[in-house]
Amino acid sequence: MADYANSERLFKAAQELMPGGVNSPVRAWQAVGLSPRMIARGEGARVYDVDGNAYLDYVGSWGPLILGHAAPEVVAAVQEAAAKGTSFGATTPGEVELAQLLVDAVPGLNMVRLVNSGTEACMSALRLARGATGRPRVIKFDGCYHGHADSYLVAAGSGVLTQGIAGSPGVPQEVATLTLSLPYNDLEAVRQAVRRHPGEVAAIIVEPVAGNMGVVPPQPGFLAGLRQICDADGCLLIFDEVITGFRVAWGGAQALYGVTPDLTCLGKIMGGGLPVGAYGGRRDLLTQMAPSGPIYQAGTLSGNPVAVAAGLTTLKALQRPGVYESLEEKGAWLARELAQAAAQCRVPVTINRVGSMLTVFFTPGPVTNLDDAKQADLGRFRQFFQGMLAAGLYLPPSQFEAVFVSLAHGQEDLECTVAAAQKVLAGL
Ligand code: KE4
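Residues numbered from 1 in each chain as written. Predicted model: local features only at pLDDT ≥ 70, side-chain atom pairs only at ≥ 80, totals over all residues. Heavy atoms only, no water.

Peer 1: It is not clear to me how the site of the ligand should be interpreted in this structure. Could you clarify?
Peer 2: Around the ligand sit 17 residues in total, of which Ser24, Thr119, Asn212, Asp240 and Glu401 are the nearest. One of the side-chain nitrogen or oxygen atoms of asparagine 212 is found 2.5 Å away from a nitrogen atom of the ligand. Contact with the protein chains removes 86% of the 540 Å² of surface that the ligand exposes when unbound. Tallied by class, residues from the shell around the ligand come to 5 nonpolar, 8 polar and 4 charged. Split by domain, the residues of the shell around the ligand number at least three in each of domain 1 (5-70 + 321-426) and domain 2 (72-318). (Near = heavy atom within 4 Å. Polar contact = N/O pair within 3.5 Å; in protein donor to acceptor, adjacent residues only side chain to side chain. Areas by Shrake-Rupley, 256 points an atom, 1.4 Å probe, with all protein chains shown as cover. Nonpolar A, V, L, I, M, F, W, Y, C, P; charged D, E, K, R; others polar. Domains from an automatic or database assignment.)

Peer 1: Could you clarify how one ought to interpret the environment of asparagine 6 in this entry?
Peer 2: In this structure, asparagine 6 sits in helix α1 (residues 5-17). A relative accessible area of 28% places asparagine 6 in the partly exposed class. Along the primary structure asparagine 6 and proline 169 are separated by 163 residues, whereas in three dimensions their C-alpha atoms are 34 Å apart. Apart from residues lying up to four places away in sequence, asparagine 6 is in contact with Val50 and Asp51. (Helix = DSSP H or I, 4+ residues; strand = E, 2+ residues; numbered from the N terminus. Buried < 20%, exposed > 50% of the residue type's maximum accessible area, 1.4 Å probe, protein only. Contact = heavy atoms within 4.5 Å.)

Peer 1: Got a minute to help me understand helix α15 (residues 411-426) in this structure?
Peer 2: Count 3.6 residues to each turn of an α-helix, and residues three or four apart come out pointing the same way. The end-to-end C-alpha separation of α15 is 23 Å, in line with the 22 Å expected for 16 residues at 1.5 Å each. Among the residues of α15, Asp413, Leu414, Thr417, Val418, Ala420, Ala421, Val424 and Leu425 are the ones counted as buried. Buried residues of α15, seen end-on, are gathered within an arc of 165° and therefore sit on one face of the element. Away from the buried face of α15 by more than 90 degrees, exposed residues Glu412, Lys423 and Ala426 are located. Each element contacted by the buried residues of α15 is listed here: β2 (46-49), β3 (54-57), α12 (323-344), α14 (378-390) and β13 (393-394). (Expected span 1.5 Å × (residues − 1). Arc of directions from axis to C-beta.)

Peer 1: Even after reading the chapter, I still don't get the sheet that holds strand β8 (residues 236-240), so can you show me in this structure?
Peer 2: Hydrogen bonds along the backbone pair up the strands of a sheet, which may run parallel or antiparallel. With mixed pairing, 7 strands are arranged side by side in an open sheet as β4-β10-β9-β8-β7-β5-β6. Each edge of the sheet is formed by a strand with only one pairing partner; in this case those strands are β4 (111-115) and β6 (179-182). Sheet twist, expressed as the average angle between the axes of neighbouring strands with direction ignored, equals 20°. Each of β5 (137-141), β7 (201-206) and β8 touches helix α8 (residues 222-233); the most contacted strand, β7, lies at about 170° to it. (Pairing = 2+ DSSP bridges. Axes fitted to C-alpha atoms, helices over the stretch in contact; angles between N-to-C directions.)

Peer 1: I would appreciate a short explanation of the domain arrangement of the protein chain in the present structure.
Peer 2: Bring the parts together and some accessible area is lost; that lost area is often taken as the interface size. Here the protein chain is described as being made up of domain 1 (5-70 + 321-426) and domain 2 (72-318). Once you take the C-alpha centre of each, domain 1 and domain 2 turn out to be 25 Å apart. Opposite the 35 residues of domain 1 that make contact, domain 2 presents 38 residues. Carbon and sulfur atoms supply 67% of the area that domain 1 and domain 2 bury against each other, a total of about 2800 Å² over both sides. (Buried area = accessible area lost by both parts, 1.4 Å probe.)

Peer 1: I tried to follow the packing of aromatic side chains on my own but got confused; where do I start?
Peer 2: One pair of aromatic rings is described through two measures. These are the centre distance and the angle between the planes. Within this structure, the stated rule accounts for 10 aromatic pairs. Plain terms: the ring middles of phenylalanine 141 and phenylalanine 222 are 5.5 Å apart, the flat faces sit at 75° to each other, and that makes the pair edge-to-face. You can see phenylalanine 141 sitting in strand β5 and its partner phenylalanine 222 sitting in helix α8, a full 81 residues away along the chain. Three or more aromatic residues link up through ring pairs in this structure, and these residues are Trp29, Tyr55, Phe362, Phe381, Phe384, Phe385 and Tyr394. The ring of tyrosine 4 is capped by arginine 37, whose NZ or CZ atom sits 3.6 Å from the centre of that ring. Against the face of tyrosine 48 rests arginine 41, its NZ or CZ located 4.0 Å from the ring centre. (Phe/Tyr/Trp six-rings, centres within 6.5 Å; stacked < 30°, edge-to-face > 60°. Lys NZ or Arg CZ within 6 Å of the ring centre and 35° of its normal.)

In structure tokens:
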């Protein structure tokens, strides 16, 4: 019988010191009815808890660890950078190199600003959109999550959805009313909202593949339709590619689907597991950011040389031939085999997948928006999570998050994942 004594002792202490014992709500495992495992280390596709139990990891730090944990080249780059000094508050060569790589890789990026998180990236992109257009409103989509800036905590996804929090206390009504949240994949709702507020919408922000209500891909024409609506109305299109950037394709979802936004938000993978985010887009917009323009945003550790070294090394590893074919193959195989296992066990599931990000929804489906995702049987999800954990599989502790397959997941790992799932599903 596995022992979790150290995890339980540490979590107890953590709960006295940090809200819910965590530094980010989804880590508290409240949706799955277990106390979370305290993680001591990771290596490749595995993480190890403080009691020495090993788990095949499909959280991947919520997306960044596409190479797997403690990738030797990333660790070496971080060590080398740290030995030269951890922060200068001045521009370093690595920032220029990373900015160049991002501009070369992502179709909509002509200029970019590095920040420290996806939240900062999305918050700054909205301030830029409002400053550049002089318009106050923002349109987002139910179940999408763009970090925890006030304007986005309206019908948000991820931890807000997992915790069942409608909005969030502390967000003034005056701010929340400027945010319109609409059903994902519903172009007509967007047309009506823009018609209701002519000349008032600064931006439409969208996860081009939603990952925070579980994985929900864009319906054919949805992203192109948003582009057309923005072009007609004069509002800006913002793609929040914090998850999808370098995940679903080298150039992100905008490269995969051939729709170019005015602004793009990035994070996660581009930091290789260290705190890095970025926002960028059209040069005529970015040059309006201080100090070249009047719109203000700043950050002591923005472009931090150690974090940039981790990000650069990760992105360079993703430029190797066959990387995205391999991620697609792994993701497709896993999704196909899990669907087959569920069918054999007569457990109704819908599996949504784009590349190496996927979600097993415990509902017959389809799942094309938040209302569909909320049909999922959360009790069954919880049983599945608990069964898989007992079998050594570490899944995201929420029905409304994405499973991430990394380059470190080998065929054997995927096979043992499916074998475990077959046993757990049979018992549901
Ligand atoms: P961060 O501030 O957490 O780096 O990024 C915010 C963010 C922005 N946009 C998208 C599409 C995101 O998915 C996120 C953060 N994602 C969640 C999990 N899906 C982070 C996990 C957490 O909150 O602990």
